[in-house]
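Coordinates in review
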Amino acid sequence: MDERFDNLRQRLGQRFASDDPLQIIPYRGYGTADRLYLKGRVLEDEGIRPGSDRDSFWDNLLNMYRRFESDEIPGARLLARFQGQVHEVTADDEGYFELWITPAAPLPAGQLWHTVNLELVEPLRPGHRPVQATGRILVPPATAQFGVISDIDDTIVVAEVTNLLKMAKNVFLGNARTRLPFPGVAAFYQALRAGMDGRTHNPLFYVSSSPWNLYELLSDFFQLNGIDPEPILLLRDWGISESELLPTGHHEHKLAAIGRLLDLYPHLPFLLIGDSGQQDPEIYHQIVHDYPGRIAAVYIRHVDQTPERTAAVQALAADVAASDTHFCSLTIPKP
C-alpha cells in the first residue's frame, strides 16, 4: 500500500510538473581508520525553516507537517567523492542511501571529522543549480576510553512517552527552542565526551526510534542546548513496510543499531544510557548478555514508577549486575 501510494504521488508530481528544488540531506556518519559509513536522503526541498522563540502553535504545526509530508526521490543516483575516489550510490524507494567507504590512504592523524562531497546526478530539474552537499564522518581517536550509546526521548529531552497526548504536544507542537532538556544533561554528556583527563574525545551515539524526519530538529536542539555540537543520530524510518504497519519495532531497531556499533568498534567498551518509559532496560539487558564484557555500565532514568515496572527494572538490574556490568537507576525530576 505504501509503495503504491508513493508511486501514485510521483506520477501525479510528474504529470503536474513539480518544480520544487531537490536536496541531499546527509546524516552525520561514523567509522574507523579502515571503514567509513554515511547515510542520507534525497528529498524535495519543502522550505522548512529553523524554529524560533516567537513561533506560534500554527508555525510549529506547519513546519512539522512539512517534515512528515516529505517528497522523497526514489532511485536517485549520487556521486560521493573522498580522497580522490568516486563512488556511485543509488537511493532506495524512500530516497535513503547508504555508503561504506574504504579509505585509499591513511586518514590524517588527529583529525576527528572527515568530509565526503556528494553530488546528485539523476534526476536533475532544469533551471536549478547542481544539487550538492557535504557529509561528515566521525572517526574516534585511538585514545578514546569508551563509547556512549544514549536514548533521546525522556533521557535527554522531555517527551512524556508514557502519556500519548503529552508526547504528541511536545513532539508536534514544539520546536528545537521550546523543547526542554533535563537538568544537567549538557554538562553530563560534555564530561562523558571529554573523558577522565578532560581532553579525550569519546564518541557519543544517540539511538532513538524517532523518525529521520526529525533529524534537523533534534540536531538543532542538541546544539542550542550545548549538549553536542554535532550529534550522531541513529533514527529510523516510519514508513509502512512488509514487516510492520505502524512504527512499533522499537526493540528491534535499537538492538540492531547498537549491535552495529559494537561490531564496528570491537575493542571499545560502551556505556548505555536510557529510561524506563519504554524498553531500554530490556534492550540493554539483552545487549549485556549478547556482548559479554563489552558494556561497562547501564544508566536508566526511572520514568514509570508503578510497582510493577519498578520491580521489573530491579530484576533486570540484578541480572545485569551479576554479569559484572554496573547498573544504576535514577529518578531525575523534570525541569
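Let me sum up the structure you'll find in this document.

1. A look at the nonpolar core
Grouped together as the largest cluster of nonpolar side chains are 32 residues, with contacts concentrated most on Tyr 30 and Val 298. Of all elements in the fold, only strand S9 (204–211), strand S10 (232–236), helix H6 (250–264), strand S11 (270–275), helix H7 (280–290), strand S12 (295–301) and helix H8 (307–321) reach the threshold of two or more residues within this core. Counting residues per element, this core draws most heavily on H6, which supplies 6 residues. Among residues more than four places away in sequence, those in contact with Tyr 30 are Leu 36, Tyr 37, Ile 137, Leu 138, Phe 205, Ile 232, Leu 234, Arg 260, Leu 261, Leu 264 and Tyr 265. Of all hydrophobic cores here, the second largest spans 29 residues; its members include Trp 212, Phe 222, Ile 227 and Ile 273.

2. As for the sheet that holds S12
Taken in spatial order, the 6 strands line up as S10-S9-S8-S11-S12-S13 in an open sheet, and their pairing is parallel. Looking at which strands have only one partner, the edges of the open sheet turn out to be S10 and strand S13 (326–330). Between one strand axis and the next, the sheet turns through 15° on average, direction left out of account. Relative to S10, helix H5 (residues 215–224) is tilted by about 150°, and along the sheet it contacts S9 and S10.

3. Side note on the pattern of salt bridges
Applying the stated criterion across every chain, the model contains 13 salt bridges. We note a salt bridge from Arg 41 to Glu 72, for which the minimum N-O separation is 3.8 Å. Placement of the pair is Arg 41 in strand S2 (residues 36–44) and Glu 72 in the loop between helix H2 (57–68) and strand S3 (77–82), with a sequence separation of 31 residues. Glu 72 gets classed as buried once you look at its relative accessible area, which sits at 5%. A salt bridge links Asp 151 to Lys 254; the nearest nitrogen and oxygen atoms lie 2.7 Å apart. On the criterion of sequence distance, the pair formed by Asp 151 in the loop between strand S8 (147–150) and helix H3 (164–172) and Lys 254 in helix H6 is long-range, its members being 103 residues apart. The class of Asp 151 is buried, set by a relative accessible area of 2%. Through salt bridges with shared partners, one network takes in Arg 28, Arg 136 and Glu 230.

About the thresholds
- Residues numbered from 1 in each chain as written.
- Predicted model: local features only at pLDDT ≥ 70, side-chain atom pairs only at ≥ 80, totals over all residues.
- Heavy atoms only, no water.
- Core = buried A, V, L, I, M, F, W, Y, C linked by side-chain atoms within 4.5 Å.
- Buried < 20%, exposed > 50% of the residue type's maximum accessible area, 1.4 Å probe, protein only.
- Helix = DSSP H or I, 4+ residues; strand = E, 2+ residues; numbered from the N terminus.
- Contact = heavy atoms within 4.5 Å.
- Pairing = 2+ DSSP bridges.
- Axes fitted to C-alpha atoms, helices over the stretch in contact; angles between N-to-C directions.
- Salt bridge = Lys/Arg side-chain N within 4 Å of Asp/Glu carboxyl O.

Honestly, it's all geometry; don't read function into it.
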